[in-house]
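Inside the fold
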Amino acid sequence: MAAENEEELGLLECRVCFERYGHGGQRRPRNLPCGHVLCRGCVEALGGPERRRLECPFCRRACSSAETTDCLPLLQLLEVLGPAGTSIPSALGRSGGRGAARPGAAGLGLRLSLGGWGSLVNPTGVAACRRSGRLAVAHDGKKRIHVFGPGGSCLQQFGERGDAGNDIKYPLDVTVTSDGHVVVTDGGDCSVKAFDFEGRGVLAVREGFCLPWGLDATPDSEVILTDAEAGALYRLTADFKAGKLRKCQMIQSQLISPRGVAVSQTSGAIVVIEHLKAQGPNSSSTRVKIFSAEMDLVGQMDSFGFLPEKGYWLDRMIGEMEASVKVCLNSARIIAMEELPLMSELCAVN
């Protein structure tokens, strides 16, 4: 238990001033170009009164305050934990020490660590190729996509910031299709871009998207895509090898800022994570909606604790998704997807 608490403090506190990170003000977490994270107050203090140049206190790499960016994974983790500062194990539905995890979370655990300080900056998405075991990670570094082997070694990097065909301005999520193509949502030019594992661009889709965000692939290599600003869910059908878009169909509308999405590889069910907004600072919340393969709303979960529609079919579907749902480095989605199997226990009891 003490070790878990120590790990949590290391994640949620600035390692210079040892203050806990927060959503706003001086405690907001900021990424340095080297990949280290400090709170805004320490960044400003290190930059001096004129806030020009500063050195990373850990690796001594120099940068300017303007080169720092918000650390999105930490901000989204803070959003999930809430203003009360719920602990990470509690947010995951765990209690006690390492051996006290609830039955639904028994399969959760660290399997592989990728990258490290400076190699992955502000990672926004991760996806696995089921055939080869390779992992594609989207992040805010010089090369936007890193491809790792099953053992964690980096095999390929591609997608620089720019306007060329193979460039990626700002990746928001990534998935890998069953035919071996890496598909990325680019928030910089509001497009969806597909590459082979060597980094060659094969297709770019700009179908009037407002802000394409999350995406996941179906077993048939179709892509399910959220548009956060339009509040919509799309299904893309393409021949990626030939570089041709066959169909772009809106399959759900009137969603509230949908970002994360995951597709069950067995039942075809779709999970969407909405980001709700309310008045006041730090008052946003997250809602998970579950749709059947036919896009019927099966159930939803508000604040990771309320499921209005329960039943055996829903329990079975959630059980299927436990092993197949895509886990992303986006902290909100990690916790939401890990929490779903826990709800099947509640459904069985109630």
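Scroll up to find the structure.
The sections below set out a description of the structure shown in this document.

1. Looking at the side chain of S191
Within the secondary structure, S191 is located in strand β12 (residues 191-195). A relative accessible area of 0% means that S191 is categorised as buried. Within the structure, the side chain of S191 is placed 2.6 Å from the side chain of D189, a separation counted as a polar contact. For S191, the residues in contact, after removing those within four places along its chain, are V184, T185, D186, V205, R206 and P212.

2. A closer look at helix α2 (residues 40-47)
G41, C42, V43 and G47 are the residues of α2 that are buried. Residues of α2 that are buried in the fold lie against β1 (29-31), β2 (37-39) and β3 (53-55). Once α2 ends, the next one or two residues include G48, with phi positive near 80°.

3. What to know about the environment of C154
Among the structural elements, C154 can be located in strand β9 (residues 154-160). Using a relative accessible area of 37% as the deciding quantity, one classes C154 as partly exposed. Here the alpha-carbon distance between C154 and L114, two residues 40 residues apart in the chain, equals 8.6 Å. When near neighbours in sequence (up to four residues on either side) are disregarded, C154 contacts H146, V147 and F148.

4. Examining unusual backbone geometry
The backbone of F18 shows a phi angle near 60°, a positive value even though the residue is not glycine. Its identity is not glycine, yet R60 carries a phi of approximately 70°, on the positive side. Here R60 lies in the loop between β3 and β4 (62-64). Among the residues examined, R60 registers a relative accessible area of 54% and is labelled exposed.

Reading guide: rules and limits
Residues numbered from 1 in each chain as written. Predicted model: local features only at pLDDT ≥ 70, side-chain atom pairs only at ≥ 80, totals over all residues. Heavy atoms only, no water. Helix = DSSP H or I, 4+ residues; strand = E, 2+ residues; numbered from the N terminus. Buried < 20%, exposed > 50% of the residue type's maximum accessible area, 1.4 Å probe, protein only. Polar contact = N/O pair within 3.5 Å; in protein donor to acceptor, adjacent residues only side chain to side chain. Contact = heavy atoms within 4.5 Å.

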